[in-house]
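# Remarks on the overall topology
Below are the chains, spelled out letter by letter.
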Amino acid sequence: MIKENSQKILKELPEGVELVAATKQRSAVEVAEALEAGVKIVGENYVKEAQEKFAILGSKAKWHFIGHLQKNKIKKAVKIFDMIETLDSLALAEILDKECKKVSKIMSILIEVNSASESQKQGVLVENVERFIDQILQFDNLKPMGLMTMGPWLDNSQELRPFFKKTKDLFDKIKSIYQGKLEWVYLSMGMSSSYKVAIEEGANLVRIGTTIFGGRKPKK
Ligand SMILES: *Cc1c(COP(=O)(O)O)cnc(C)c1O
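In this report, we go over the structure that sits alongside the text. By convention here, each chain's residues receive numbers from 1 onward along its written sequence. This being a predicted model, a pLDDT of at least 70 is required before a residue's local features are given, and a value of 80 or more before pairs of side-chain atoms are given or counted; all residues contribute to the totals for chains, interfaces and linings. Excluding hydrogens and water, the side-chain figures rest on all heavy atoms present in the structure.

### Thoughts on the packing of helix H6 (residues 129-136) against helix H7 (residues 161-177)
Working convention: axes come from line fits to C-alpha atoms, limited for helices to the stretch in contact. Angles between N-to-C directions cover 0 to 180 degrees. Helix numbers and strand numbers start at the N terminus; a helix is a DSSP run of H or I with at least 4 residues, a strand a run of E with at least 2. One can describe the packing of H6 onto H7 by two numbers: an axis separation of 11 Å at closest approach and a directional angle of 45 degrees. Here H7 runs oblique to H6, going by the angle between their axes. When the axes of H6 and H7 are compared, the crossing they make is right-handed. Here H6 contributes Val129, Glu130 and Ile133 to the contact with H7, which in turn contributes Leu170, Lys173, Ile174 and Ile177. Only Asp, Glu, Lys and Arg are considered charged, only Ala, Val, Leu, Ile, Met, Phe, Trp, Tyr, Cys and Pro nonpolar, and every remaining residue, Gly among them, polar. Residues of the contact of H6 with H7, tallied by class, amount to five nonpolar, no polar and two charged. Any angle from 65 to 115 degrees is called roughly perpendicular, while one under 35 is roughly parallel, one over 145 is roughly antiparallel, and all others are oblique. In a left-handed crossing the near helix is turned counterclockwise from the far helix by less than a right angle, and in a right-handed crossing that turn is clockwise. Any two residues having at least one pair of non-hydrogen atoms within 4.5 Å are treated as being in contact.

Spelled out as structure tokens, the structure:
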């Protein structure tokens, strides 16, 4: 069903919206099936898991990191990923830049926004994003290209709409402020249960796992 599910989503996405297949816990064989169906971007949450699949699938996909990046995994992550969607701290930016320099790589990054200002959540608070961008512009090997947000855990996707909207407004504001300075193009919002609402609110990267691959095993 992975093939059919992937094709169905790819067909229904509006022009200009790209699909990131969220592949945590999926095998290389499952991911390969999605790639054969036309999926171009794979989103991984864990570096170790990504390494195993990258060894098999490598350049058949673009690799986006969508999890919480740990400092001691950055060196390995730099070898695999084409984009880090979840940059949210200066400390991480510093190490990422340093490791990218070592291998002469310019890493595309999205800034993860904590759009509901939840204390326990990853991401930069909306009001701090501009200052954060100014800070990461000092790093020659990082290329900020947009924003990513998860939003709060809510059962009803309509309730996520205000958080997507807030992130889109911020995206637009930054686009106008940094005109000519940044290639500011990606807004990554929406998962299986919320991507349609996210697209209505301006997302152009959607991260979809369950709708492509089926349910995940509960965490051990
Ligand atoms: C798992 C995951 C997704 C996809 O979630 P589904 O509900 O399975 O579509 C999207 N984004 C991130 C950051 C994830 O970890």
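### Topic: the site of the ligand
What surrounds the ligand is the set Ala22, Lys24, Asn45, Ile66, Met150, Met191, Ser192, Arg207, Ile208, Gly209, Thr210 and Arg216. Identification of polar contacts relies on pairs of N or O atoms within 3.5 Å, with a donor-acceptor requirement for protein atoms, meaning one able to donate a hydrogen and the other able to accept it, and with residues adjacent in sequence counted only if both atoms are side-chain atoms. Taking Arg216, its side chain carries an N or O atom lying 2.8 Å from an oxygen atom of the ligand. Only the protein chains shown count as cover for residues, and all accessible areas are computed by the Shrake-Rupley method using a 1.4 Å probe. Coverage of the ligand by the protein amounts to 92% of the 380 Å² it exposes when considered alone. Its residues placed into classes, the shell around the ligand shows five nonpolar, four polar and three charged. If even one non-hydrogen atom of a residue comes within 4 Å of a molecule or strand, that residue is called near it.

### Points about the packing of aromatic side chains
Note on ring pairs: Phe, Tyr and Trp rings are taken, using the six-membered ring of Trp, and paired if centres are within 6.5 Å. Classes follow the plane angle, with under 30 degrees stacked, over 60 edge-to-face and the rest tilted. This model, assessed by the stated rule, comprises three aromatic pairs. Taking the centre distance of 5.5 Å and the plane angle of 75 degrees together, the rings of Phe54 and Trp63 count as edge-to-face. Between the aromatic rings of Phe65 and Phe81, the centroid separation amounts to 5.3 Å while the plane-to-plane angle is 75 degrees, which identifies the pairing as edge-to-face. Highlighted residues: Phe65 in strand S3 (residues 62-65) and Phe81 in the loop between helix H4 (74-80) and strand S4 (83-87), separated in sequence by 16 residues. Side by side, Phe65 and Phe81 carry an identical accessibility label, which is buried. Burial classes: relative accessible area under 20% of the type maximum marks a residue as buried, over 50% as exposed, and values in between as partly exposed (1.4 Å probe, protein chains only).

### Observations regarding H7
In this scheme, a helix's expected span is set at 1.5 Å multiplied by one less than its residue total. Taking 1.5 Å of rise per residue, 17 residues should cover 24 Å, and H7 covers 24 Å from first to last C-alpha, within 8% of that figure. For H7, the secondary structure elements touched by its buried residues are strand S5 (107-114), H6, strand S7 (142-149), strand S8 (186-189) and helix H8 (195-200).

### Brief notes about the pattern of salt bridges
Salt bridges are identified by distance alone: a Lys or Arg side-chain nitrogen within 4 Å of an Asp or Glu carboxyl oxygen. Inspection of the entire model under this criterion finds 15 salt bridges. We note a salt bridge from Lys53 to Glu44, for which the minimum N-O separation is 2.8 Å. With its nearest N and O atoms 2.7 Å apart, the salt bridge here joins Arg161 to Glu201. Taken as a pair, Arg161 in helix H7 and Glu201 in the loop between H8 and strand S9 (205-208) lie far apart in primary sequence, 40 residues in all. Take Arg161: its relative accessible area is 22%, and that puts it in the partly exposed class. Taking the relative accessible area as the measure of exposure, Glu201 reaches 12% and is therefore buried. Residues joined by salt bridges that share partners form a network here, namely Arg161, Lys165, Glu200 and Glu201.

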